[in-house]
Amino acid sequence: MLMGSLLMLLLLLLSPPPVQLWPQLDDSCRWQVVLNKYETLGVGSEKFFLQQPIANIDKFFNKLVDSPIDHKENYVGFPYYMKINFTCPGKTPEAFVRGGYLKGLIPIVLVTFYAPVNFRKWKSERLQIQMEGAPFQSQACVMNWYTPMPMKNGSVMMEVEISSNRMGEIIGNGRFMININGFLKKEKDKVIFSLGHEVRPIIHRDFIDAPSRPVWATVGQAPVLILGGIPHEKMILISDSSFKDFSLVELNIDSCWLGSLHCPQEEFTASIFDAISTESVLFIRQNQLVYYFTGNYFHVAGKGPSTSNWVRVLHSRCIKKLCPVELHSNGSEYVLALAGGNEEGFFHFGTITDGRVNFRRMPNMKSLCDIQKDFFQEMPRGSSGQHPASSSSHYFTLPKCRLHWVVYNMEDYTFLLLMEFVQGNRSRFQILQYSPILKGVHLDSLNLLFQIPPFIPIGDDMDFVMLLGMEKYTDYPLVPKGLFYNPFSHLLFIWGNAILQSYDKKNYIYMSKFPKESSVKYMTSSYKGQVVCVTENEEIWLIVEGSFKVHRLYPSDGWQVVFNLSQMKGSSLYTANETSVSIFYDSMGVHQLVYLINQKGEGKLLKRQLPVDQILVYQLLGLTTFEINISPVLGTLSFINPCPFELMQIKDLPNPQRYTRLERYRAKPPFISSDSGFHSKVSLAIYQGLVYHLLWLHSKYNKPYADPVHDPTWRWWKDKKQHKAFYFYRASNFQNVYGIQIDMDGYEKLYHVKKTGMPKYIYLDKGDEYNFTFFLFVRKTSWKSGRIYGNLKGWWNGTRLGGREELSRTLAPSLQPDQVIVKDKRKCFNQSISGHNLMKTAVHFKVVDSAAKCFVRTRFGYRMLGNRQIPMFIGCPPGKRLAFDITLTLRHNKKTNKRYFDCVHPDPEMPCFLFSDPFHPFFLIQDMVTGESGSFTGSYVLKVIGGGTSLDKIVDYSEEEIVRYNSPNDTSESLIWIVRDKRKQSQTFRILSYNSSGIEWLCLPNSPCYDIIPKSIYSPEFYFKIMVSNRDVDTSTYCDYQLIFFLHIHGLPLSRRRAFFFVRISLYIWLGVIFLYLLSYFFWPHIKNGWVKLKAKFTDLITTESFYTYTTSASSVPSVISSRISTSERGSFKRRVKKSL
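As the structure is a computational prediction, the values presented were derived from the model and not from experiment. (Residues numbered from 1 in each chain as written. Predicted model: local features only at pLDDT ≥ 70, side-chain atom pairs only at ≥ 80, totals over all residues. Heavy atoms only, no water.)

Structural notes on the state of the cysteines
- Taken as a whole and assessed by the stated rule, the structure comprises seven disulfides.
- The side chain of Cys369 participates in a disulfide bridge whose partner is Cys401; the two sulfur atoms lie 1.5 Å from each other. A torsion of -105° about the S-S bond marks the disulfide between Cys369 and Cys401 as left-handed. Residue Cys369 is located in helix H4 (residues 368-377), and its partner Cys401 is located in strand S24 (residues 400-409); the two are separated by 32 residues in the primary sequence.
- The side chain of Cys1003 participates in a disulfide bridge whose partner is Cys1009; the two sulfur atoms lie 2.0 Å from each other. Sign of the S-S torsion, about -110° for the bond between Cys1003 and Cys1009, identifies this disulfide as left-handed. When sorted by exposure, Cys1003 lands in the same class as Cys1009, which is buried. (Disulfide = S-S within 2.5 Å. Helix = DSSP H or I, 4+ residues; strand = E, 2+ residues; numbered from the N terminus. Buried < 20%, exposed > 50% of the residue type's maximum accessible area, 1.4 Å probe, protein only.)

Notes on unusual backbone geometry
- In this structure, Pro363 follows Met362 across a cis peptide bond, with omega equal to -15°.
- Along the chain, Tyr554 connects to Pro555 via a cis peptide bond; the corresponding omega equals -10°.
- Take Pro555: it is sitting in the loop between strand S38 (550-554) and helix H5 (557-568).
- Despite not being glycine, Ser242 shows a phi value in the positive range, around 60°.
- Turning to its location among the elements, Ser242 is positioned in the loop between strand S14 (235-239) and strand S15 (247-251).
- Of the residues examined, Ser242 reaches a relative accessible area of 6% and is grouped as buried.

Describing the pairing of strand S10 (residues 190-193)
- As defined by bridge partners, strand S9 (residues 184-187) adjoins S10 across four bridges and the pair is classed as antiparallel. The residue of S10 that forms the bridge with Lys186 is Val191. (Pairing = 2+ DSSP bridges.)

Considerations on the sheet that holds S24
- Read from one edge of the open sheet, four strands run S24-S25-S26-S27, paired in antiparallel fashion. Among the strands making up the open sheet, the edge pair consists of S24 and strand S27 (445-452). Adjacent strand axes in the sheet meet at a mean angle of 25° when their direction is disregarded.
- Taken together, the nine bridges between S24 and strand S25 (residues 414-423) define a ladder with antiparallel strand orientation. Note on S25: the bridge partner recorded for Leu403 is Met419. (Axes fitted to C-alpha atoms, helices over the stretch in contact; angles between N-to-C directions.)

Points about the packing of H5 against helix H6 (residues 612-623)
- Running from N to C, H5 and H6 point in directions that differ by 110°, and their axes come no closer than 7 Å. Accordingly, the angle class assigned to the pair H5 and H6 is roughly perpendicular. The element H5 and its partner H6 pack so that their crossing is right-handed. Across the interface between the two elements, Asp557, Gly558, Trp559, Val561, Val562 and Leu565 of H5 pack against Gln614, Ile615, Tyr618 and Gln619 of H6.
- The residue inventory of the contact of H5 with H6, partitioned by class, reads six nonpolar, three polar and one charged. (Parallel < 35°, antiparallel > 145°, perpendicular 65-115°, else oblique. Left-handed = near helix turned anticlockwise from the far one by under 90°. Contact = heavy atoms within 4.5 Å. Nonpolar A, V, L, I, M, F, W, Y, C, P; charged D, E, K, R; others polar.)

Details of the confidence of the model for the chain
- The pLDDT averaged across the chain works out to 83; a share of 85% of its residues lies at or above 70.
- A low-confidence stretch, residues 781-808 (pLDDT under 50), is modelled with 80 contacts involving residues beyond four sequence positions or located in other chains.
- Counting interchain partners and residues more than four positions distant, the pLDDT-below-50 stretch residues 1115-1128 has three contacts. (pLDDT = per-residue confidence, 0-100.)

Details of the side chain of Asp206
- You can see Asp206 is positioned in the loop between strand S11 (196-198) and strand S12 (216-217).
- Reaching out from Asp206, the side chain makes a polar contact with the backbone nitrogen of Ile203 at a distance of 3.2 Å.
- Those residues within four positions of Asp206 in sequence are excluded, and the remaining contacts are Arg200, Pro201, Arg213, Ile230, Pro231 and Leu248. (Polar contact = N/O pair within 3.5 Å; in protein donor to acceptor, adjacent residues only side chain to side chain.)

Let's talk about the nonpolar core
- Of all hydrophobic cores here, the largest spans 90 residues; its most connected members are Met82, Phe86, Val111 and Ile129.
- The leading source of residues in this core is helix H8 (residues 681-700), at 10 residues.
- Contact partners of Ile129, with chain neighbours within four places excluded, come to Val109, Leu110, Val111, Phe113, Pro150, Tyr665, Ala667, Val691, Leu694 and Leu695.
- Residues Val406, Leu417, Phe514 and Ile543 belong to the second largest nonpolar core, which totals 79 residues. (Core = buried A, V, L, I, M, F, W, Y, C linked by side-chain atoms within 4.5 Å.)

Some details on the packing of aromatic side chains
- Here the structure, examined in full by the defined rule, presents 61 aromatic pairs.
- When the centroid spacing of 6.3 Å and the interplanar angle of 85° are considered together, the rings of Phe283 and Phe359 count as edge-to-face. On the criterion of sequence distance, the pair formed by Phe283 in strand S17 (residues 281-286) and Phe359 in strand S23 (residues 356-362) is long-range, its members being 76 residues apart. Phe359 matches Phe283 in its accessibility class, with the two residues each being buried.
- Ring plane angle 85° and centroid distance 6.3 Å describe the contact between Tyr705 and Phe1045, whose orientation is recorded as edge-to-face. Taken together, the residues Tyr705 in the loop between H8 and helix H9 (714-717) and Phe1045 in strand S71 (residues 1043-1050) connect sequence positions 340 residues apart. As far as the burial class goes, Tyr705 and Phe1045 line up, both buried. (Phe/Tyr/Trp six-rings, centres within 6.5 Å; stacked < 30°, edge-to-face > 60°.)

In C-alpha cells, the structure reads:
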C-alpha cells in the first residue's frame, strides 16, 4: 500500500516518466446504439431475433417516378434500424445530441459481417458496409440518428463500429457486437427465451464468494455467450452482445441424481458446471449429464431444425468434464466430453455442422488406460523375471490413469492429451498424442510426446528454465491441470501450479516467475500473442507470446494505481468491494465481467475493459529507477527508460484490403429537402430498401457469366448515369416525390480503404508476399553517473512461412530503414476453393527484450510496442473467383469464325453458340476485394457434367458418364466434344489453356446431345452444364478455381436415320402438293363448268318452287282478274318467266 501511495505521488508531481501518462478512466462522451423497429422508431430497444425481410416499403418506391431506381425490382427492407446517439457526463443527453447535430456531427457506421462456419453451404467472404446516420426527430426536442441494421445470409454476428465525421463533439470510436439471438421466441406479443425463462434480478449470493469461471465459445462465431456457475441454481447468464447486456435465465432441464458405483459423484448440485457456445448450439454440463440446445436461425437455410427443449446426449455415459475447441475448421465446430468413473480413459468428440450434433467415442475399442496397460504388459521382462517397470524410475507400474484434458489439433487431426498415471502414492503426468483411425490405417496411434517432471524446477532469479534434463528441482510437486494450444503460433501451454510452454510439443520451457503456490484454473487467449491466466485465488497473470516471462496484473502495484486513479475521478467501473466473475477475450480485446457492490450495498454486474497495457505501464514505472538532479536553476527527475529503442515507425504499408480480404460498400442516406434537415419515416424506409438492394446486388453478382464492368453496382446505375443532371435539377427545384434525392455516387463499392496500420490478419496465396519499411532508432551508448541509458543494438525476428524459420537482423544505432518481407515459400499444400481449408500460422515481429517495456500513448490508451503477432492464413484467399468471360469469348469467336449466329430468341444473359463453329472459351480471374480483373492464363480442365434440352430439364451426369462424355480415351462413341489441337492430358481429361485453339462439338451417337428432336421448325438446341477447374493442372496458385456454368448451343445436327426420316416425310409432302397442283391444273376448267351447271340447275329448281308457291297462295283470294285468265295465257306466262331467269 505504501508503494502504491509513493507511485501516486510520483505520477502527480514529477515528470517525465518513460512514457507520457494521461488519465484513461474518465467518463467522456461515448456512443450508444440500440435497435428499433420501423413501427416504434425512437421508442425503447428491441432484441435481434426477427430474421426475415419486410416487404411493406415497396409502396414508397413505386411512387419515386423521378428517381434513378429500377421500378421493375421489388424493394424490401430489414426488420430493424439502429438508433444512434451519444452520452456525456453531467449533461442532458438530448441537449448534447441536438448540439452535436447543429455543429454538423454525423456518425459514420461500419458494419462488419462475420463469415459463417460452414463455407461449403455459404460463400466464404469477409464483408463490410459503411453507412451514415440519418437524423430523425421522433419526439419534440428528442432526436437521434438512424441507419438500417443490415443482415447477410449465413452471418449471425455483426460488429458495429461508430465514428464521427470529425465535426462537433469529440467522441472516440465505439464498437459494439449486435448479434442475432436465435434463442428467443415471440409468445402472446411478448419476446421470451425458448431455452428457459428469465428469472429474478441478480442478487449478491449469485456471485459473492463464487469462483470465477471461463467464457467458452467458438472464437468469432458464437452470437450468444453463456456462463454458468451460479451456486445451487440451474441458471446461466446469457448475452447476445458479448455481455454488454445480459439476462439471468433458469433452464428448463430436469436436475437428476444419477450417481452410481460406475459413475461416482462427490456431491450433487443444480449448478451448471461447464457451458460452451457455438454458432447455433449451446452445450451445458450438470453433474455428469450433458445437454445441448439448437437456436432458431431459420433465415440461414440448412442450419438444421431448432429444438424446443434441451436435448440430452451421451445417454448412460459418465461425463466428468467438457473441454472447448475454440476454433472451427473444415466447415464444422467441435466440443470434447471427457468420461469418468468406469469409462475413465475415453473421451467423446462432438462435431457440430449446420446445427446438427454428432458425438463419436474415442478411442473406438479400448480406453487410453487399457492401451497403456497393454503396452506395459508387452514390455520385455528382465533377467529376474520382473518387468523393468518394477524399478522406481518407470512410470507404468500400477497403470491406473486419469485423463485431465484434451486438445484437438486441427492441423493434423490429432488430439493432445494430459494424462496422469498413478504409481503407488506418486503420480506422473504425460503429454500424449492420439491419432484416430483414418483411411488406410487400421489401428489407433498413441505416442508419448513429453514426460512432465514430477517436481517444479529451481528457477533462482531467472525468468525461465529450459528443461533439458540437467536442471535442478525443488521438492514441490508439479501438478498440471490443463492444456492450451494456439494453432497460429504453434505454442502449447501446460498449466497448473506451474506454466510450461513449447513450440514443438517436445521441448519445454518452465516460466519460473510464476509462483508455485498459485495454481492456474483457466486460460484465455486473444490468439494474437497474448494469454491471460486466472488462478484459484483469482490472481490475473499475463503471458506475451515470444517472451519467456509472466506478468502479474492483479494484485499488483500497477492495478492499485489504476484503482486509485479511478476513485479520484469518481468512476463507477471500480469499487473497493468487487468480485471477478470471468475474464475473456473478444474482438474488442480482453474484458472482465465483475460484480460490484457500492457503498450503499447495491450490487451490479458489468463488463469492463481489462486495462492490461495501462497496468503494465504503471507497473513498469514502479520498477524503473530514477535520479534527481538538483541544480541552482531547476531540479529535474530523470527516468531510465528500459525500452531498448528510442523510436519505431512502420511505413510503406501496402493496400490493406489485398491482405485482409475485406470487401467494403458505402451507402449514404438519401438527400432530403426538409428545412429542418430531419428525415421522415418514409425517407428512412427508402434508405432501408436501398441498403438491402445494394447487398442483394452483391450476392447476385456471384454468377458465372462476368459482366462487362467488374463492379456489382454497375447494373444498378448503368442506364441512369446519363440522366444524372436531370435528377439533380429536379431535386434542386424541390420537385421530387417525398422531397428525396437518391445520389447514385453514394452507393458504391470501395476498393481503396485508408491505411490504418498493420492489418489484424493476413491472407497469402502461393508465392505472395507482404512487405513494409521498418524504422527502428536505437540509442547510442551514453553514460551518466555510471548508468547505461540505452542498449547497443536491437533485434527483430520474423517468421518466413511454409516452415518455421527465424530471421534475425542487427540494427545499427541510428535511424535507418529496413525492408521487411513476409513471403510464402510455395510449399504449403494442395489447391482448395477460395476461402476453404486455409492453413493457420502467424508472423511474429518483436524487438528482443521489449515485451512489457515499450509503450506508446494513443487517444485510445496505451499500446505495447516491439512485440506484434499477426495471424496468417495460407491458401486460396476469400474473394477470388473464376468467371466466364462472355464478352471476350463472343468477340474472339466472331473474329475467328468470321460470323456469329445467335439464337432465334436471344437471351442477353446467356448468348448462344453455333454447334458447327469452333468454340474457344475465355475466363477471368476476378478479385472481389481489390476490384482487379484479368484473363486467366493458366491451365485448366473442362468437363461437361450435365445437360438437357431446356434449363428446367438439365440432369447431372454420374462420374462414369462424365468420363465417357469428356475423355478422349473413350471408345464407346460417347464423346461430346474434343480439343482441336493435340494438347497434354491429365490422366483422363484434356488440359486446356488460354492459348489453346478451342474445342469442337461432336455429340457422338451414345452422348446425351445426339439426335435431339426439334421442338419447332428451328434447329435443335441443347444446354450443357460445364465445370472448369485448374486443380492439379495449374501450379501457380493455391486456388482451385472451380466454375460451373450453362452453355447454350443451337444448330445441333440430326442423326442420319432421323434426317432421312425427315427427308422422306418432307418428300412425301412435297410430292403430294405437286400432285394436287397438277391435278387442279388439268381438271380445273371441267370442274368449273360442271360446278356452274350444277349451280344453275339448283337455282332453276328453287325458283320454280318459289313461283308455284306464290301463285297458289294468290289463287285462294277471290279476284275477278284471276278468274279471267285462261289456261293458254298461264302457259305463256310461265315461258316468259323462264326466259327472264
